[in-house]
Amino acid sequence: MFIRVFNPLVKYAWGAIPSHATKTLPCWTCGQQIRTTFILKRKWPVGLHKEGTPPRLRGRHFVYELVEDTTLRKHEKVDILLTTYVEGLGNRGEVVSVKPTFSYNNLLLPGLGVYPTPENIEKYTLDAQPESKHSSPYAERTVKFLSRLILSVVMNKEMPWTLEPWHISMSFRKAGLSVPEQAITMPRYPIKGPDLSLQNKEFLVKVTINSLETAFVRCRIHHHGTTQASRLPHVQQYWRQPAEPLFPEDAEIIQSLPPLPPPKKPVSDAYP
């Protein structure tokens, strides 16, 4: 009797539900609970009827149109109180707003965050033990990015020069990074040119982030000629070629820096 009574509803209303949602719906007889709601409306409204008597429904009255699929509704962000420093989010005791799925999988389950109840706020903010603070949520991520970077410093092949912080700042700008001159610490010894013995040798500069964190960046000098005939041959992916340190005392620090990530696509030897 259950199937016979609701058979017209299943027959006509099923077509209003999107195909991607019907694959996740449970069996009609298993009784499994799901948090899926589809808001439907009748395509043809029911006619008037006398008070106290049920309306007379025809087959067309069981044809529905989809108004909203709640499975596609954008979920609101939830507030999470961090119990420790989390890269990209904040320090201990700060309240951040993140997506529900991210908060459950990446903060609540690992124990990196809790819900901001009055008890938790008092526990992790007022009675918080002193720990190392970061200047911003993205400071540690910036340090890791700069440590993997090999910066190309293009210098003139014909005119004399002495490497200064503004050269490094301009090289960072060419790489898509904004680094002020006052945040750059140059090597201990001056670097002068043009000198082809400096070509493709690595040296270190130290970048200070928000006057707190520091990161070492590997740099390589490349001589560039003003004419086509005076230019050096092009080297494909020079940053992946082995290089010697310009100053031997920097060799240990260079070896401790993280290696470059592998290329996403193989590169041919031919110049495009």
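So, here is what we can say about the structure in this document. (Residues numbered from 1 in each chain as written. Predicted model: local features only at pLDDT ≥ 70, side-chain atom pairs only at ≥ 80, totals over all residues. Heavy atoms only, no water.)

1. Observations regarding the overall build of the protein chain
Applicable threshold: For helices the rule is a DSSP run of H or I covering at least 4 residues; for strands it is a run of E covering at least 2, with both sets numbered from the N terminus onward. Each residue is placed in one exposure class: buried if its accessible area under a 1.4 Å probe, protein chains only, is under 20% of its type's maximum, exposed if it is over 50%, and partly exposed if it falls in between. By definition, residues are in contact when any of their heavy atoms lie within 4.5 Å. Where accessible areas are quoted, they stem from the Shrake-Rupley method and a 1.4 Å probe; at the residue level, only the protein chains shown are allowed to cover.
Scanning the protein chain for helices and strands turns up seven helices and eleven strands. Taken over 272 residues, the protein chain has a buried fraction of 28%. If you take every contact in the protein chain between residues at least 6 apart in sequence, the share linking residues at least 24 apart comes to 59%. Accessible surface, the protein chain: about 19200 Å² in total, of which carbon and sulfur atoms supply 56%.

2. Considering the nonpolar core
Basically, it comes down to this: In plain words, nonpolar cores are sets of buried Ala, Val, Leu, Ile, Met, Phe, Trp, Tyr and Cys residues tied together by side-chain atoms within 4.5 Å.
Within the largest apolar cluster, 25 residues are counted, with the highest numbers of intra-cluster contacts made by Leu146, Leu163, Ile168, Phe172, Ile191, Phe203 and Val217. Mapped by element, the contributors of at least two residues to this core are helix H5 (139-147), strand E6 (150-156), helix H6 (165-174), strand E10 (202-209) and strand E11 (213-224). Other than its neighbours up to four places away in sequence, phenylalanine 172 contacts Leu146, Leu149, Leu151, Leu177, Val179, Ile184, Val207 and Val217. Counting residues in each nonpolar core, the second largest holds six residues, with Leu82, Val96, Val98 and Leu107 among its members.

3. A few points about the sheet that holds strand E4 (residues 95-98)
To be explicit about the condition: Note: two strands are recorded as paired if DSSP finds a minimum of 2 bridges between them. Note on geometry: axes are lines fitted to C-alpha atoms, helical ones only across the stretch in contact, with angles between N-to-C directions running from 0 to 180 degrees.
The strand order E4-E3-E5 describes an open sheet built from three strands, whose pairing is antiparallel. Two strands bound the open sheet, and with one partner strand each, they are E4 and strand E5 (113-114). One ladder, built from two bridges, connects strand E3 (residues 78-82) with E5; its direction is antiparallel. Across the sheet, the residue bridging to leucine 82 is glycine 113, located in E5. Sitting on the sheet, helix H3 (residues 100-108) is in contact with E3, E4 and E5, with an inclination near 20° to E3.

4. Regarding the side chain of threonine 70
Convention followed: Under this definition, polar contacts are N or O atom pairs within 3.5 Å; protein pairs additionally need one hydrogen-donor-capable and one acceptor-capable atom, and for neighbouring residues in sequence, both atoms have to be side-chain atoms.
On the secondary structure map, threonine 70 appears in the loop between strand E2 (64-69) and E3. Within the structure, threonine 70 has its side chain in polar contact with the backbone oxygen of threonine 37 (distance 2.4 Å). In this view, threonine 70 contacts Thr36 and Thr37; residues no more than four positions away in its chain are not counted.

5. A short note on the sheet that holds strand E8 (residues 184-185)
Pairing is mixed in the open sheet, where four strands are placed in the order E6-E11-E10-E8. A strand with exactly one partner marks an edge of an open sheet, and here the two such strands are E6 and E8. The pairing of E8 with E10 spans two bridges and is classified as antiparallel. Bridge pairing in E10 links isoleucine 184 to valine 207. Helix-sheet contacts for H5 involve E10 and E11, and the interaxial angle to E11 is about 30°. H6 contacts E6, E8, E10 and E11 of the sheet and is inclined by roughly 120° relative to E6.

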